[in-house]
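# Tertiary structure, described
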Amino acid sequence: MDRDAVRVAAELMNEIYLSFFNFEIMREALPLLLRGLVVTAKLCVAVIPLGIIGGLVLAVMSQSNSRSLRIAVVVFVDLFRAIPPLVLLILIYSGLPFAGIDISPFAAVCVGFMLNNSAYYAEIYRAGIESVDRGQTEAARSTGMSSAQTMSYVVLPQATRNVLPDLLSNTIEVVKLTSIASVVALQELLYAADMARSLTYNASPIVLAAAIYLLILWPVVRLLSMMEHRVGN
Amino acid sequence: MNETVTTSAWARFLETFFRPDLIEQYSGAIAKGVIVTCQVAGLVVVTGIAVGLALAMIRAYRIKPVNFLIIVYVDVLRSLPPLVLIVLTYFGLPALGSTLSGFVVLWLVLSMVLAAFAEEIFWAGILSVRKGQWDAARSTGFSFTQALAWVVVPQAIRLTVAPLTNRTIAITKNTALGMVIGVPEILNEASTAQSFSGSATPLMMGAIAYILLFIPIVVAGRWIETRFAWRRS
């Protein structure tokens, strides 16, 4: 009976090896996945700055003296935090052509991510700006700086430093989120892996894609963990 | 003449995204999707937070090999895109002879991801409770487990409410990823209706359903954030 258990376990291990860690298939799929990785990298280079700039603009607007502007920012931020990014992406990609606007998958992802990410970055920057002591603004203004100069040379640098872990954490989320672009047939890393999976009837290419994501993001997650614990102490 | 152009553009927008007959026809399907989304979301929140809290409490015993495994688990699940895990589990497991429904895969994967993030948040909370609280609890005759469960964790939870709420909302919105593996949630119903009707109206209905579902939670999260804000001494 023990021998049976050993045999079953050995068969299962072999099955796991063949279906998930099939190096033969991984080696064949690697070039396709690397091309996907390049697209993922291009996406990140496009959407991360768009989100950060959008968020920064919204956060500065949320400090405005105009009440209606402040309310508009809150409505925008809450609206785009309530819609799942995939829903937004599909609405843009599949919905706009019905209104006569044709949009490429890459552009659809950029627009969708811009709306979604700037809402999240805005909340982070807003918390950062509010964490800077009011005395800093008053001191800067009293030296003759304009309010725009005060914001860009005095408040924002300190605000950014205060929320650096949150900015990093959100940026990791954005990189991970680019995987949903596969749903609108943009040939990024996950799309390439899933294509290889359906060609080979084997899940190993997805494991390989997961390994690539892990290789890139794990060091950043570790760094973030260390930063968070240092802030905690 | 300008006015005519504006009116026809507006009419076209309504015709594309808000056709009354389609709204009536597909509101039943979208409502069914809402129920499925709520079921998955509820299960994910309960399972993910419970497992996350359990892991953080286990980590408090500081058993080296166990903690190492917990840290690896948390890091890996924070580094991988949820969609990669969903695709891997759904299309990979059948190779091992076990087929899980899309619903179960979505529930399991999102719960595991939420558990990883919740563990980090609860752990930070447990670390932030002063050592004197431990000492006082132990000196009244509490065992380590009693001190952890009745003195430390209740205080830790208060500090974790705000970050945990935000993270839970973000992960619950990932229920939309269920569309990729055929879970009949809101986005899937909307997308199916869109291809049957050849109109973008069902997609807009899906987006609005998500907004109605999540706006109250996002607004509540904003309130909780100010009410339970981390107070740094």
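Residues numbered from 1 in each chain as written. Chains lettered and ligands numbered in written order. Predicted model: local features only at pLDDT ≥ 70, side-chain atom pairs only at ≥ 80, totals over all residues.

### Quick look at the nonpolar core
Let me state the cut-off plainly: To define a nonpolar core, we join buried Ala, Val, Leu, Ile, Met, Phe, Trp, Tyr and Cys residues through C-beta atoms within 7 Å and take the resulting set. Partly exposed residues are those whose C-beta has more than 12 but fewer than 20 other C-beta atoms within 10 Å; 20 or more makes a residue buried and 12 or fewer makes it exposed, with C-beta atoms placed from the backbone. Each helix corresponds to a stretch of at least 4 residues labelled H or I by DSSP, and each strand to a stretch of at least 2 residues labelled E; elements are numbered beginning at the N terminus. For the purpose of contact definition, each residue receives a C-beta atom placed from its backbone, and two residues are in contact when these atoms lie within 7 Å.
In terms of nonpolar packing, the biggest core is built from 126 residues, with Val87, Leu89 and Ala209 of chain A together with Val84 and Ile86 of chain B touching the most fellow members. Per-element accounting of this core gives the leading share, 17 residues, to helix α5 (residues 102-128) of chain B. Setting aside residues up to four positions removed in sequence, Ile86 of chain B forms contacts with Val105, Leu106, Val109, Leu177, Val180 and Ile181 of chain B.

### Some points on the interface of chain B and chain A
Stated formally: We call Asp, Glu, Lys and Arg charged. Ala, Val, Leu, Ile, Met, Phe, Trp, Tyr, Cys and Pro are nonpolar, and the rest, Gly among them, are polar.
Each partner contributes to the interface: chain B provides 41 residues, whereas chain A provides 38 residues. Going through the elements one at a time, α1 (2-17), α3 (64-79), α4 (82-92), α5, α8 (186-197) and α9 (201-227) of chain B are the ones with two or more residues in the side of chain B that touches chain A. Ranked by residues supplied to the side of chain B that touches chain A, first place goes to α9 of chain B with ten residues. Split by residue class, the side of chain B that touches chain A holds 28 nonpolar, nine polar and four charged.

### Remarks on the packing of helix α2 (residues 23-61) of chain A against helix α9 (residues 189-200) of chain A
Residues and elements named next belong to chain A. As a reminder of what qualifies: Every axis corresponds to a line fitted to the C-alpha atoms, with the helix fit spanning only the stretch in contact, and the corresponding angles, defined between N-to-C directions, vary from 0 to 180 degrees. What sets the label is the angle itself: under 35 degrees gives roughly parallel, over 145 gives roughly antiparallel, 65 to 115 gives roughly perpendicular, and the rest give oblique. In this scheme, a crossing is called left-handed if the near helix is turned counterclockwise away from the far one by less than a right angle; it is called right-handed if the turn is clockwise.
Contact pair α2 / α9: the axes reach a minimum separation of 7 Å and the direction vectors enclose 155°. For the element pair α2 / α9, the angle class is roughly antiparallel. Between α2 and α9 lies a crossing of right-handed hand. In this structure, α2 uses Ile25, Ala29, Leu32, Leu33, Arg35, Gly36, Leu37 and Thr40 to contact α9, whose residues at the interface are Leu189, Tyr191, Ala192, Ala193, Ala196 and Thr200.

### Some words on unusual backbone geometry
Residues and elements named next belong to chain A. Phi is positive for Ala185, which is not a glycine, with a value near 65°. Its location among the elements puts Ala185 in the loop between α8 (164-177) and α9. On the basis of neighbour count, Ala185 is assigned to the exposed category, with 10 C-beta atoms found within 10 Å.

### Some remarks on the packing of α2 of chain A against helix α5 (residues 105-131) of chain A
All names here are of chain A. Taken N-terminus to C-terminus, the directions of α2 and α5 make an angle of 45°; their axes are 6 Å apart at the nearest point. The angle between α2 and α5 places the two elements in the oblique class. Judged by the twist between their axes, the crossing of α2 over α5 is right-handed. A class-by-class count of the residues in the contact of α2 with α5 yields 18 nonpolar, five polar and one charged.

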